Amino acid sequence: MPGLVLFGRRWAIGSDDFVLPGAFELFVRVVWWIGIFVLYAVNKGQFNCPGGGLLHIYLLGLIILLASIICVLCALVYVSMQGTISNPGPRKSLPKILYTRLLLYFPEFIWAVVGAVWVSDNSVQCEKTVINGVIGTVIASWIIIIFTIIGVVIVFDPLGGKKTFYLPDPDGVSRDLESSHSEQLLYSVKSSATRVWEKRIRLLCCCIVQDDDHRVAFTSIARLFRTYFSDTDLVPGDIAAGLILLHQEQDKMESCPKEPEEVLCHSPSSLMTDDLDVELENAAHYMLFAAAAYGWPYYVYTNPYTALCKLSGDCCRNTPTDCEITGSDRHNFHFGSILKITGLQYRDFIHISFHNKIYEIPFFVALDHKKEAIVVAVRGTLSFEDILTDLSADCEDLTLEEVLENGFVHKGITQAASYIYGKLINDGILNQAFTIAPEYKLVIVGHSLGGGTASILAIMLRNSFPTLRCFAFSPPGGLLSKSLADYTKNFIISVIVGKDLVARLSMPNMEDLKRRIVRIVANCNRPKYQILLQGCWYGVFGGDPDDFPTELDGRNQDALTQPLLAEESLMVHRSPSYHALEEEPRLNSPPQYPHLYLPGRIIHVVEECSSKTLCSSDSKYTARWSNETVFSSILISPKMITDHMPDVVLKALNSLSQEHGSCLSCQTREYNPSAV
């Protein structure tokens, strides 16, 4: 930090990011040099064969070339190890070493071509061992050259050549440009950044059919990424080091004694209300429907050895005519998986939609006779279209008569809910369901994106169905404004497991994470490679968190809220790009990204302890009612992704439900009136 400047442009790599890749290449080059030297020494007097003269020159030149590369790599690794993330001063000579290393690629490329020509020459009749050694050398040379080209492409920053600037200086005086010219250049920089991000998103989504909705979404998401990354000069290695430091800092804080209200406890003897136990049992039941909405991918994932065999028996069956199915379901795999997961019959399904586009996600409507409910289950993220819906994070208004203030909602998820609302009401799906079971209640469920969509859909249907309930499993954190979140507490239950990332994911939380990363990497006086190595060891083998020393604790905290301005004072060289643009609105409270919250009442499930064996694992979970402030910060943990997975959520809820059931049976046996 900042990004390395070479050839007059910024690159997405830091001057301290060459330690580990450089050390790996150095190891390969040393082994390679030793092998070639031994090959040359053993066959020194045996180059009289046809083509041997060229071979002698090739091996001798290769030994000298590899020795030069090894020396340069030693210098590169040594210099890259100096200093800290926020103090690149000791590494100021690294660009010159990199220029030297890049120059050595030209003779290496020429030598690789010469070796390839020599190997392909049929007139060469030298010893087989020598020929095989040269073939290995040629292959190794081309592999290294190809990987180098790939590495250059990866760290290439399309915006690295843009010389951005600060509009007002500390004294409030314009620096170099007139106001009108400044505005034009500012607009040009923003437009260029948006176009770059849009091209990246289009490239990632090149395999899907793109229409007007996709183009609008691409532009909106590109603006989001441009806004978020425009005021940082962090490279990926800095972010990785910051996440490692935050993880260990967080673990140290968790090991400290907690306040009484922070302790999560749920046991048969705890002072929990019966309401929580009932909702946990309901949540465990309805989570089956939310998981089933994923279809065969979830079923195969949770039953890897038997799923395909079980589904293959249903693939040739005819789809029942009394159930309306839209979208593609080849070989009946989706529907067969839903049947096996839920345990329902064909006749219990009213409507199933596998249709999937941006803002249009699959769902099904079924009769749940056990709970006497009409269940609308919405699928979570499972395709590129769903990811685009997730990332369309602009806000839009959702006005309700029952809510005094206008509510803000996640735009992409709201459009998905509007699509399902139109299907349920305008196509008469719910009327058909209530005609079959008029005494049943309406329950809407979903996981992840499906949980967020189910929540907003429940808000839309609340007027028409006052008794409806909604269970949102691991919904996105940036979903509803405060007024709407409070309004939904009467009919929505959100279930969050552990340190789930998605439940804490919102633009303000992401901005907070960015500030925390900048602050912690700026205050750590360890080199980046030590942070990465120790972090990998800690993540794999555990142990006590490393107490990384700091030497910058007295820095101005106001400066730390502005990442680049805070770090520029520590830099020997100013980065020519990615400077904060003072006209750019800050992300802590921009109009398009206000604070949004989780829906309804929140049940927080936490893994208390776990024991793993070779073939199985056993975990004990606790749960309690929580509030939205608990999820106002992103927690860094190896489980931040796995805690979001539907199978983990279902396992945790089943564990709590079974524990509660066994405790009730124990209490019943202990209090037996006939024994009194």
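Please read all numbers here as calculations on a predicted model, not as lab measurements.

*Asks:* Please set out the overall build of the protein residue by residue, giving values where relevant.
*Replies:* A tally of helices and strands in the protein yields 22 helices and 13 strands. Here the protein holds 676 residues, and 51% of them are scored as buried. Within the protein, contacts between residues at least 6 apart in sequence are counted, and of these 75% link residues at least 24 apart. Of the roughly 32,300 Å² of accessible surface on the protein, 60% is carried by carbon and sulfur atoms.

*Asks:* Account for the environment of Tyr-419, with residues named and values stated.
*Replies:* Relative to the assigned elements, Tyr-419 resides in helix H14 (residues 411–426). Judged by relative accessible area, which is 15%, Tyr-419 ranks as buried. Along the primary structure Tyr-419 and Tyr-359 are separated by 60 residues, whereas in three dimensions their C-alpha atoms are 7.3 Å apart. For Tyr-419, the residues in contact, after removing those within four places along its chain, are Ser-353, His-355, Tyr-359, Glu-360, Ile-361 and Phe-363.

*Asks:* Describe the environment of Gly-336, naming the residues involved and giving the relevant values.
*Replies:* Within the fold, Gly-336 resides in helix H12 (residues 333–342). C-alpha of Gly-336 to C-alpha of Ser-312: the two residues are 24 residues apart in sequence and 9.3 Å apart in space.

*Asks:* Please give an account of the pattern of salt bridges that cites residues and values.
*Replies:* Pairing between side chains of opposite charge can happen when their charged atoms approach one another. For the coordinates displayed, the defined rule picks out 22 salt bridges. For Glu-511, the salt bridge identified is with Lys-514, shortest N-O distance 3.0 Å. In this pair, Glu-511 and Lys-514 both sit in helix H18 (residues 507–523), three residues apart, roughly one turn of the helix. Asp-512 is the partner of Arg-516 in a salt bridge, and the nearest nitrogen-oxygen pair spans 3.4 Å. You can see Arg-516 and its partner Asp-512 sitting in helix H18, four residues apart, about one turn around the helix. The buried category is assigned to Arg-516, whose relative accessible area is 17%. Judged by relative accessible area, which is 22%, Asp-512 ranks as partly exposed.

*Asks:* Lay out the packing of helix H1 (residues 19–42) against helix H5 (residues 128–155) with the relevant residues and their values.
*Replies:* The contact between H1 and H5 brings their axes to 11 Å, and the two run at 160°. Comparing the axis directions of H1 and H5 gives the class roughly antiparallel. H1 and H5 meet at a crossing whose hand is left-handed. Residues Glu-25, Arg-29, Trp-32, Ile-36 and Leu-39 of H1 pack against Thr-129, Val-130, Gly-133, Thr-137, Ala-140, Ser-141 and Ile-144 of H5. Looking at the contact of H1 with H5 residue by residue, the classes come out as six nonpolar, four polar and two charged.

*Asks:* An account of unusual backbone geometry is requested, with residue identities and associated values reported.
*Replies:* Residue Phe-7 is not a glycine yet carries a positive backbone phi of 55°. With respect to the helices and strands, the residue Phe-7 is situated in the loop between strand E1 (5–6) and strand E2 (9–10).

*Asks:* Can you lay out the confidence of the model for the protein for me, pointing to particular residues and giving the numbers?
*Replies:* Of the residues in the protein, 77% reach a pLDDT of 70 or more, and the chain-wide mean stands at 79. Per-residue pLDDT stays below 50 along residues 667–676; that stretch engages in one contact with residues further than four places along the chain or on separate chains.

*Asks:* Outline helix H8 (residues 236–254), listing residues and values.
*Replies:* Residues separated by three or four positions in an α-helix point in the same direction, a consequence of the helix having 3.6 residues per turn. Taking 1.5 Å per residue, 19 residues should reach 27 Å; H8 reaches 27 Å between its end C-alpha atoms and fits that length. Contact partners of the buried residues in H8: H18 and helix H19 (528–541).

*Asks:* So what's going on with the pairing of strand E6 (residues 373–378)? Which residues, and what values?
*Replies:* Across the six residues that make up E6, a large majority, six, are buried. Of the two faces of E6, both are covered, the one formed by Ala-373, Val-375 and Ala-377 as well as the one formed by Ile-374, Val-376 and Val-378. In this structure, strand E5 (residues 363–368) lies alongside E6, joined through six bridges in antiparallel fashion. In the strand pairing of E6, Phe-363 is matched with Val-378. Sheet topology note: the E6/strand E9 (residues 441–447) ladder contains six bridges and is parallel. Counted as the bridge partner of Val-375 is Val-443 from E9.

*Asks:* Lay out the side chain of Arg-379 in plain terms, naming residues and giving numbers.
*Replies:* Here Arg-379 shows up in the loop between E6 and helix H13 (384–391). For Arg-379, a relative accessible area of 8% corresponds to the buried category. At a separation of 3.0 Å, a polar atom in the side chain of Arg-379 contacts the side chain of Asn-356. Engagement of the side chain of Arg-379 in a polar contact is seen with the side chain of Asp-386, the distance being 2.5 Å. In contact with Arg-379, other than residues within four places in its own chain, are Ala-293, Tyr-294, Asn-356, Ile-361, Pro-362, Asp-386, Leu-449 and Gly-450.

*Asks:* Requested: an account of the nonpolar core, with residues and values cited.
*Replies:* Counting 48 residues, the largest nonpolar core has Tyr-286, Phe-349, Phe-364, Val-445, Phe-473, Val-605 and Leu-653 as the members making the most contacts within it. With 10 residues, helix H9 (residues 274–292) is the largest single contributor of residues to this core. In this view, Tyr-286 contacts Asp-368, Lys-371, Ala-373, Val-375, Lys-441, Val-443, Val-445, Phe-471 and Phe-473; residues no more than four positions away in its chain are not counted. The next biggest cluster of nonpolar side chains, apart from the first, holds 42 residues, and it includes Ile-429, Phe-434, Leu-449 and Leu-479.

*Asks:* So what about a nonpolar patch on the surface? Which residues, and what values?
*Replies:* Taken together, the side chains of Ile-139, Ile-143, Ile-146, Phe-147, Ile-150 and Ile-154 present a nonpolar region at the surface, about 600 Å² in accessible area. Structurally, Ile-143 is set in helix H5.

Scoring rules and cut-offs
- Sequence order as written defines residue numbering, which begins from 1 separately in each chain.
- Two thresholds apply to this predicted model, a pLDDT of at least 70 for residue-level local features and 80 or more for giving and counting side-chain atom pairs, whereas whole-chain, interface and lining totals are computed over all residues.
- Hydrogen atoms and water are omitted, and side-chain values are computed over all heavy atoms in the structure.
- Secondary structure follows DSSP: runs of H or I at least 4 residues long count as helices, runs of E at least 2 residues long count as strands, and numbering of each begins at the N terminus.
- Only protein chains enter the accessibility calculation, which uses a 1.4 Å probe; a residue whose area is less than 20% of its type maximum is buried, one above 50% is exposed, and one in between is partly exposed.
- Every residue pair with non-hydrogen atoms within 4.5 Å of one another is taken to be in contact.
- To measure how exposed things are, a 1.4 Å probe is used in the Shrake-Rupley method; for residues, cover is taken only from the protein chains shown.
- When a carboxyl oxygen of Asp or Glu lies within 4 Å of a side-chain nitrogen of Lys or Arg, that pair is called a salt bridge.
- Here an axis means a line fitted to C-alpha atoms, over the contact stretch when the element is a helix, while the angle between two N-to-C directions is reported on a 0 to 180 degree scale.
- Relative orientations are named as follows: roughly parallel for angles under 35 degrees, roughly antiparallel for angles over 145 degrees, roughly perpendicular for angles from 65 to 115 degrees, and oblique for any other angle.
- Here a crossing is taken to be left-handed if its near helix is turned anticlockwise relative to the far helix by less than a right angle, and right-handed if that turn runs clockwise.
- Amino acids are sorted into nonpolar (Ala, Val, Leu, Ile, Met, Phe, Trp, Tyr, Cys and Pro), charged (Asp, Glu, Lys and Arg) and polar (every other residue, Gly among them).
- Residue-level confidence of the predictor is summarised by pLDDT, bounded by 0 at the bottom and 100 at the top.
- By this rule the span expected of a helix is its residue count minus one, scaled by 1.5 Å.
- Note on pairing: two strands pair once DSSP finds at least 2 bridges between them.
- Whenever a nitrogen or oxygen atom comes within 3.5 Å of another N or O atom, the pair is scored as a polar contact, on the condition that within protein one atom can donate a hydrogen and the other can accept it, and that pairs from neighbouring residues in sequence are kept only if both atoms are in side chains.
- For our purposes a nonpolar core is just a set of buried Ala, Val, Leu, Ile, Met, Phe, Trp, Tyr and Cys residues, chained together by side-chain atoms within 4.5 Å.
- Like-charged residues are merged into a patch within 9 Å and nonpolar side chains (Val, Leu, Ile, Met, Phe, Trp, Tyr) within 5 Å, provided each residue has over 30% relative accessible area and no salt bridge.

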